[in-house]
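Residue strings, one per chain:
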Amino acid sequence: MKRFTTNLSEYPVALLSIAVGIGLIGACERITDPAGEHEPETPVELTVQANLATNTSVRQLSVAVAAADIPVPIIANLLLVDSDADDVFDRAEGTIIVPSGRERTFTARAFDLEGFVTHEGTTTTQVRPNHKTVRIPLFPKEVGVPIEVIASSFSVSIDPATAELDPGFTQQFTATVTGPGGEVVENPEVTWGSGNPAVATVDASGLATAHVQGTTEIVVSYKGIAAEARITVGDGEAGKIAFVSLRDGNYEIYVVSPDGGGLIRLTNNGLNDQDPVWSPDGTKIAFGSYRDSNQEIYVMSADGSGQVNLTNNGGVDGQPVWSPDGTKIAFRNYRSDNEIYVMNADGSGQVNLTNDPGDDSYPTWSPDGTKIAFRSRRDGNYEIYAMNADGTGQTNLTNNAADDLDFTWSPDGTRIVFVSRRDGNAEIYVMNADGSGQVNLTNNPGIDVNPHWSMDGTKVAFTSDRDGNDEIYVMNADGSSQTNLTNDAGDDQEPFWSSDGTKIAFYRTPRFGTMEVYVMNADGSGQMNLTNNAAVDNDFNWSR
């Protein structure tokens, strides 16, 4: 590979007409001024490249940067490169370090062997953090082919971009560094930091821990280039519980606080409303309603206002479940058979995902929103399937002659707990998200059902009749330390953890009474009847 360069000081005339201003910002400091008028200056190293394949007369290429706050223009002379060793310079390359700021102009010139300008171009722009490319078109002074000079830097991205946590919970962030040529940098040495460590801290691996209520940014930087994500830390309260009650003569949806206060009736019509499901941000509730003579999926605000029919078709629609980002709702639709559909949160874009003559039901999104698990009878018995969020890649995960059903994803999306009858009774199993590693967790002659993960993924609550009646049990995620939490003469079923992991809601049907919604502390203490009504209360869902 042959390289050629000359000293640009031999051509002083070429430096006299440099224009003013470009804003290239490489942030190792957090940007606090959106307008960019008072940002601290930060040196940014840019890689500069130009393709000269058809411009053999060019023997020198320079880039100059000037601005009102740059008293002496910054100049970079590029190396000419003959990458094919064919005595033709096919590209130019080099670096330039520019202080951050507003209104900087890049002026690029190409010279021939005698020092005459063959091409010239100027670009004025403003570049914010992670704005990794500035393009400068150079036009021939007389006859020739245009050149484009590209000045670029590394870019950094962070995933996820936002996170909502309660105090004491953690979120793993990952950083991706992309080089000037678009290549991903392997094992980059990045630096992590928190905008407000009192709200949340982050360690050297990108693991953030929430501490107190508030909002802060998690910042990752590489060579002065930064990206940030936003963490919102809640107040640690356990949210609200929506439930269905028969106290009005038909099923209506109510909401109550986990301390039993704030009871509000949300729906009020003569036909049944059921299956309430909170949106991820807690502002809306999707539910099923028979008010249109067939079951449709409706949505309403958390206070019961704005009730809207989303599905509005002649089939039977039920089992709504929100995508983790709140933009879509998956549901079961029965027309000729049960199918899994998905729609936008406003009801538009309804699409049949499964499209199979088997019985497909109970859609459940993976925590990252890329997959949907569901129950299917397309193989003659109930199996747990998973598919991509667009319906592709439908895969039988359990693939067993007995019925497998009643499943939930782990909070990190790597595992699924489910109920299987492969041992002659109902046992709780766990498997990896791809169906591998299926293990019996409960291994008990009783009936064990209704598994539900704790929000930190370390425990599983479930229902068991091993003591002669249905009780709520909890165990470690590996099946160890199985403990009866309720220990009551009535039947206790369907445990559901609060988002902060401190409480568990469940149904209790006393020996002489009707089903009620109860809540208790995660260790089984403090069992409280929330609904406390002579009518049946059930079908609850806990907001975040």
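The model shown is predicted, which means the values in this text are computed figures rather than measured ones. (Residues numbered from 1 in each chain as written. Predicted model: local features only at pLDDT ≥ 70, side-chain atom pairs only at ≥ 80, totals over all residues. Heavy atoms only, no water.)

## A short note on the overall build of the chain
Note the threshold: The numbering of helices and of strands both runs from the N terminus, where a helix is a DSSP run of H or I of at least 4 residues and a strand a run of E of at least 2. For the exposure calls, accessible area comes from a 1.4 Å probe over protein chains only, and a residue counts as buried if that area is under 20% of its type's maximum, exposed if over 50%, partly exposed in between. Residue contacts are defined here by distance: any two heavy atoms, one from each residue, within 4.5 Å place the two residues in contact. In this description, accessible areas are obtained by the Shrake-Rupley approach with a 1.4 Å probe, and a residue is regarded as covered only by the protein chains that are shown.
Helix and strand content of the chain: zero helices and 48 strands. Put simply, the chain has 544 residues, and 49% of those count as buried. Residue pairs at least 24 apart in sequence account for 43% of intrachain contacts in the chain once pairs closer than 6 positions are excluded. Accessible area for the chain stands at about 23,600 Å²; split by element, carbon and sulfur atoms hold 49% of it.

## What to know about the nonpolar core
Here is the rule we go by: Note on terminology: a nonpolar core comprises buried Ala, Val, Leu, Ile, Met, Phe, Trp, Tyr and Cys residues joined through side-chain atoms within 4.5 Å.
Of all hydrophobic cores here, the largest spans 45 residues; its most connected members are Leu 61, Ile 96, Phe 106, Ile 158, Phe 173, Ile 218 and Ile 231. Element by element, the count of residues in this core is highest for strand 20 (residues 225-233), at five residues. When near neighbours in sequence (up to four residues on either side) are disregarded, Ile 158 contacts Phe 173, Thr 174, Trp 192, Ile 218, Val 220, Ala 227, Glu 228 and Ala 229.

## Focus: the pairing of strand 13 (residues 162-165)
Across a regular strand the side chains alternate sides, sitting on one face of the sheet and then on the other. Rules: Pairing between two strands is assigned when DSSP locates at least 2 bridges connecting them.
Going residue by residue along strand 13, you find Ala 163 and Leu 165 tucked away on one face and Thr 162 and Glu 164 left uncovered on the opposite face. Examined bridge by bridge, strand 13 and strand 20 share four bridges and lie parallel to one another. Within strand 20, the residue paired with Glu 164 across the bridge is Thr 232.

## A word on the packing of aromatic side chains
Which entries qualify depends on this criterion: Centres within 6.5 Å make a pair out of two Phe, Tyr or Trp rings, where for Trp the six-membered ring is used; the pair is then stacked when the planes are under 30 degrees apart, edge-to-face when over 60, and tilted otherwise. Two conditions define a charge sitting above a ring: the NZ of Lys or the CZ of Arg must be within 6 Å of the ring centre, and it must be within 35 degrees of the ring normal.
Counted according to the given criterion, the structure contains nine aromatic pairs. When the centroid spacing of 5.8 Å and the interplanar angle of 25° are considered together, the rings of Phe 243 and Tyr 254 count as stacked. Here Phe 243, found in strand 21 (residues 241-245), pairs with Tyr 254, found in strand 22 (residues 252-256); they are 11 residues apart in sequence, far enough to count as distant. When its relative accessible area of 0% is taken as the criterion, Phe 243 is described as buried. With relative accessibility at 7%, the residue Tyr 254 sits in the buried group. Cluster of aromatic residues (ring-pair linked, three or more members): Phe 496, Tyr 507 and Phe 540. Sitting over the face of the ring of Tyr 298, Arg 291 holds its NZ or CZ atom 4.5 Å from the ring centroid. Directly above the ring of Tyr 385 sits Arg 378, whose terminal nitrogen or CZ lies 4.7 Å from the centroid.

## Topic: the confidence of the model for the chain
Just so we agree on the cut-off: Confidence of the prediction at every residue is given by pLDDT, a number between 0 and 100.
On average, residues of the chain score 84 in pLDDT, and 86% of them are at 70 or above. Between residues 1-39, whose pLDDT stays under 50, and residues either more than four places distant or in other chains, the model counts 128 contacts.

## What about the sheet that holds strand 18 (residues 207-210)?
Spelled out, the test is: Note on method: axes are straight lines fitted to C-alpha atoms, helices fitted across the in-contact stretch only, with angles between N-to-C directions ranging 0 to 180 degrees.
Pairing within the open sheet is antiparallel, and its three strands lie in the order 14-18-17. Looking at strand neighbours, the two that pair on one side only are strand 14 (170-172) and strand 17 (200-202), the edges of this open sheet. Pairs of neighbouring strands in the sheet enclose a mean axial angle of 20°, with direction left out of account. One ladder, built from three bridges, connects strand 14 with strand 18; its direction is antiparallel. Counted as the bridge partner of Gln 171 is Ala 208 from strand 18.

## Details of the pattern of salt bridges
We apply this condition: The salt bridge definition used is simple: a Lys or Arg side-chain nitrogen within 4 Å of an Asp or Glu carboxyl oxygen.
Within the structure shown, the criterion is met by 13 salt bridges. Residues Glu 120 and Arg 109 are paired through a salt bridge, measuring 2.7 Å at the closest nitrogen-oxygen approach. Note that Glu 120 is positioned in strand 9 (residues 117-127) and Arg 109 in strand 8 (residues 104-111), a separation of 11 residues in sequence. When its relative accessible area of 24% is taken as the criterion, Glu 120 is described as partly exposed. For the salt bridge of Asp 537 with Arg 247, the shortest nitrogen-to-oxygen distance reads 3.1 Å. Here the residue Asp 537 occupies a position in strand 48 (residues 537-542), and Arg 247 occupies one in the loop between strand 21 and strand 22, the gap between them amounting to 290 residues. Asp 537 gets classed as buried once you look at its relative accessible area, which sits at 0%. Take Arg 247: its relative accessible area is 23%, and that puts it in the partly exposed class. Counted as one network, the salt bridges with shared partners bring together Asp 248, Glu 252 and Arg 265.

## Some thoughts on the pairing of strand 33 (residues 371-376)
In terms of burial, strand 33 is largely enclosed, as five of its six residues are buried. With four bridges connecting them, strand 32 (residues 360-365) and strand 33 associate as antiparallel partners. For Ser 361, the partnering residue across the bridge sits in strand 33 and is Arg 375.

## Remarks on the sheet that holds strand 22
Within a sheet, adjacent strands bond to each other through the backbone by hydrogen bonds, running parallel or antiparallel. Read across the open sheet, the four strands follow the order 23-22-21-48; overall the sheet is antiparallel. One side of each edge strand has no neighbouring strand; the edge strands of this open sheet are strand 23 (264-265) and strand 48.

## Description of the environment of Val 88
Within the secondary structure layout, Val 88 lies in the loop between strand 6 (79-82) and strand 7 (91-99). When the C-alpha positions of Val 88 and Leu 52 are compared, they lie 9.0 Å apart, and in sequence the two are 36 residues distant.

## Points about the environment of Thr 283
Short version of the rule: We define a polar contact as two N or O atoms separated by no more than 3.5 Å, with the added condition that, inside protein, one atom must be a possible hydrogen donor and the other a possible acceptor, whereas residues neighbouring each other in sequence contribute only through side-chain atom pairs.
Here Thr 283 lies in the loop between strand 24 (273-278) and strand 25 (284-289). As a C-alpha pair, Thr 283 and Asp 303 span 20 residues in sequence and 8.5 Å in three-dimensional space. The residues touching Thr 283, leaving out its near neighbours within four places in the chain, are Met 300, Ser 301 and Ala 302. Looking at Thr 283, its side chain comes within polar contact range of the side chain of Asp 281, at 2.8 Å.

## Examining the side chain of Arg 375
Note the cut-off: In summary, the charge assignment counts Lys and Arg as positive and Asp and Glu as negative, without counting His or the chain termini.
Following the sequence through the fold, Arg 375 ends up in strand 33. Comment: no salt bridge for buried Arg 375; closest opposite-charge side chain is Asp 359, at 5.1 Å. Not counting residues up to four positions away in its chain, the partners in contact with Arg 375 are Asp 359, Asp 360, Ser 361, Tyr 362, Tyr 382, Glu 383, Asp 404, Leu 405 and Phe 407.

## A look at the environment of Asn 484
Position of Asn 484 relative to the elements: it lies in strand 43 (residues 483-484). Look at Asn 484 and you get partly exposed, because its relative accessible area is 22%. For the pair Asn 484 and Phe 462, spaced 22 residues apart in the sequence, the C-alpha separation amounts to 9.7 Å. At 3.2 Å, the side chain of Asn 484 and the backbone nitrogen of Thr 486 are in polar contact.

## Some points on unusual backbone geometry
With an omega of -5°, the peptide bond between Asp 159 and Pro 160 qualifies as cis. Looking at the secondary structure, you find Pro 160 in the loop between strand 12 (155-159) and strand 13. The phi dihedral of Ser 293 is positive, around 80°, even though this residue is not glycine. Secondary-structure assignment places Ser 293 in the loop between strand 25 and strand 26 (296-301). One non-glycine residue, Asn 355, lies in positive phi territory at about 50°. Its place among the elements puts Asn 355 in the loop between strand 31 (351-352) and strand 32. When its relative accessible area of 60% is taken as the criterion, Asn 355 is described as exposed.

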